[in-house]
Amino acid sequence: MTTGSVCVIGATGQIGRAAVRALAAEGWRVRAASRGGGRDESWPAEVVSVAVDRDDDAAVAALIGDGCDVVLDCVAYGRAHARQLLGLADRIGSAVVISTAAVYEDDQGRGFGTQDRPDGAPRYPLPLTESQRTVPPGDGYGGRKVALERELLAAGDRLPTTLLRAGAIHGPHCRTPRELYFVKRALDGRPVRILAYGGRSRFHPVHVDNLAELVRLAAHRPGSRVLNAGDPQAPTVADIAAAVDGVLGVRGEQVLIAGEPPNPQVGSTPWSLAHPMVFDMSAAERELGYRPVTGYPESLPATVAWLADRLADTPDWRAAFPDMAAAYDPMCDLFDYAAEDAWLRGGGHSLAP
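Residues numbered from 1 in each chain as written. Predicted model: local features only at pLDDT ≥ 70, side-chain atom pairs only at ≥ 80, totals over all residues. Heavy atoms only, no water.

1. Re the overall build of the chain
Thinking step 1. Counting secondary structure elements, the chain contains twelve helices and eleven strands.
Thinking step 2. In terms of overall size, the chain behaves like a compact globule, its C-alpha atoms giving a radius of gyration of 21 Å where 353 residues would be expected to give roughly 20 Å.
Thinking step 3. In the chain, which comprises 353 residues, the proportion classed as buried is 55%.
Thinking step 4. Within the chain, residue pairs in contact and separated by at least 24 positions form 76% of the contacts whose partners lie at least 6 positions apart.
Thinking step 5. Surface exposure of the chain reaches about 14,600 Å², of which carbon and sulfur atoms provide 49%.
Thinking step 6. Charge centroids of the chain, computed over 36 positive and 44 negative side chains, lie 2 Å from each other. (Helix = DSSP H or I, 4+ residues; strand = E, 2+ residues; numbered from the N terminus. Rg over C-alpha atoms; globule rule 2.2 N^0.38 Å. Buried < 20%, exposed > 50% of the residue type's maximum accessible area, 1.4 Å probe, protein only. Contact = heavy atoms within 4.5 Å. Areas by Shrake-Rupley, 256 points an atom, 1.4 Å probe, with all protein chains shown as cover. Lys, Arg positive; Asp, Glu negative; His and termini not counted. Charge placed at Lys NZ, Arg CZ, Asp CG, Glu CD.)

This is the structure we're talking about:
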């Protein structure tokens, strides 16, 4: 395949690290931009690292310079970033932009932010295709990603853009690692894993190396499109709990709650959805020739090892993962073992059969 030049915005984030590595390995000339201008130790010396503030229009324009064949934007968010890219469209061959599963809503208008609606949590079609309706453009996370998508898709004749709607991203270097929920419990010697919804919650994961593969393929096949981004498997949260325990050589008892969490501190995990979200990946297979390069079970040991090392270096999980603490602590303490023990002692809980 013919390669050329790529500018990666958000290069030292979880997705960017893997994508730069994959693109450079194939022979692309990569300019890797991040706020600090850092680099990953796995990148070859030919990768050029650049310090760029994503919100500084002049800095982004300087990154693009006289032009590049592909821009990968891992951190685009909202209408303003879309317009920033479109303002440079005459210097960009095509773009690949990371979006999110949070754009989807079900046929009753229920999305990720409506778990507590009186009419119930969102119930997505199975499997979920890219034609499923999305939340309105707005100020929330999903709404701002929808605004980004629509702006770029409307200008597809000027800048062909592949938008990748990522599921539950996993792998090393994540700032909000869902696997931490089980890794820390295993390392702390917690004997139980309390799981709401009978442990059946499924939130389709995507490993960063599979995202990088989608990016690599999209770079060779420019187009104006949205594609789901997922792994070959969508394990249940009970499967994930058991897999993490297996990697660490422990065995926690699973206490399965039939319905919703009894309170925010008990039974609610970063995967806990009342109804499953499982992607249909046939569009990516058809349009890009996508074949996953890894799966959840085989990629998990490296993720667990990275998390364990981080916790060994910084035992206070909030200090080790401040973005994780900021994302979840306002709603619940992910590791409130006292609340779990009190609930277990209460004995009045309804367990799944």
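2. Overview of helix α7 (residues 237-248)
Thinking step 1. Between its first and last C-alpha, α7 extends 17 Å over twelve residues, near the 16 Å set by a 1.5 Å rise per residue.
Thinking step 2. Against the buried residues of α7 lie α5 (180-187), β8 (192-195), β11 (253-256) and α9 (296-313).
Thinking step 3. Looking at the residues trailing α7, positive phi occurs at G249, about 70 degrees. (Expected span 1.5 Å × (residues − 1).)

3. Description of α9
Thinking step 1. In this model, α9 (18 residues) spans 26 Å end to end at C-alpha, consistent with the 26 Å of a helix rising 1.5 Å per residue.
Thinking step 2. For α9, the complete set of buried residues consists of Y296, S299, L300, T303, V304, W306, L307, A308 and L311.
Thinking step 3. Those residues of α9 hidden inside the fold are in contact with β7 (168-170), α5, β9 (205-207), α7 and α10 (317-320).

4. Some remarks on the pairing of strand β1 (residues 5-9)
Thinking step 1. Most of β1 is tucked away: five of the five residues are buried.
Thinking step 2. The side-chain alternation of β1 yields two buried faces, one formed by S5, C7 and I9 and the other by V6 and V8.
Thinking step 3. Relative to strand β2 (residues 29-34), β1 runs parallel, the two sharing five bridges. Counted as the bridge partner of S5 is R29 from β2.
Thinking step 4. Where β1 and strand β4 (residues 68-73) come together, four bridges link them in parallel fashion. Bridged to V8 within β4 is L72. (Pairing = 2+ DSSP bridges.)

5. Looking at the pattern of salt bridges
Side-chain pairs of opposite charge can arise where the charged atoms are in close proximity.
Thinking step 1. Overall, the coordinates contain 19 salt bridges when judged by the stated rule.
Thinking step 2. In this structure, D323 and R175 form a salt bridge, with 4.0 Å as the shortest nitrogen-oxygen distance. Of this pair, D323 sits in helix α11 (residues 322-328) while R175 sits in the loop between β7 and α5, and the two are 148 residues apart along the sequence.
Thinking step 3. Overall, D323 belongs to the partly exposed group, its relative accessible area being 38%.
Thinking step 4. The class for R175 is exposed, based on a relative accessible area of 52%.
Thinking step 5. In this structure, the salt-bridge partner of D188 is K184, at a minimum N-O distance of 3.0 Å.
Thinking step 6. Residues joined by salt bridges that share partners form a network here, namely R185, R190, E340 and D341. (Salt bridge = Lys/Arg side-chain N within 4 Å of Asp/Glu carboxyl O.)

6. Some words on the pairing of strand β5 (residues 92-100)
Thinking step 1. Burial runs high along β5: eight of the nine residues are buried.
Thinking step 2. Running through helix α3 (residues 79-86), the crossover from β4 to the neighbouring parallel element β5 is right-handed.
Thinking step 3. Of the pairings in the sheet, the one linking β5 to strand β6 (residues 161-166) comprises six bridges and is parallel in character. If you follow I98 over to β6, its bridge partner there is L164. (Right-handed = clockwise from strand over helix to strand, strands pointing away.)

So, to be careful, I would describe these as geometric facts and stop short of saying anything about function.
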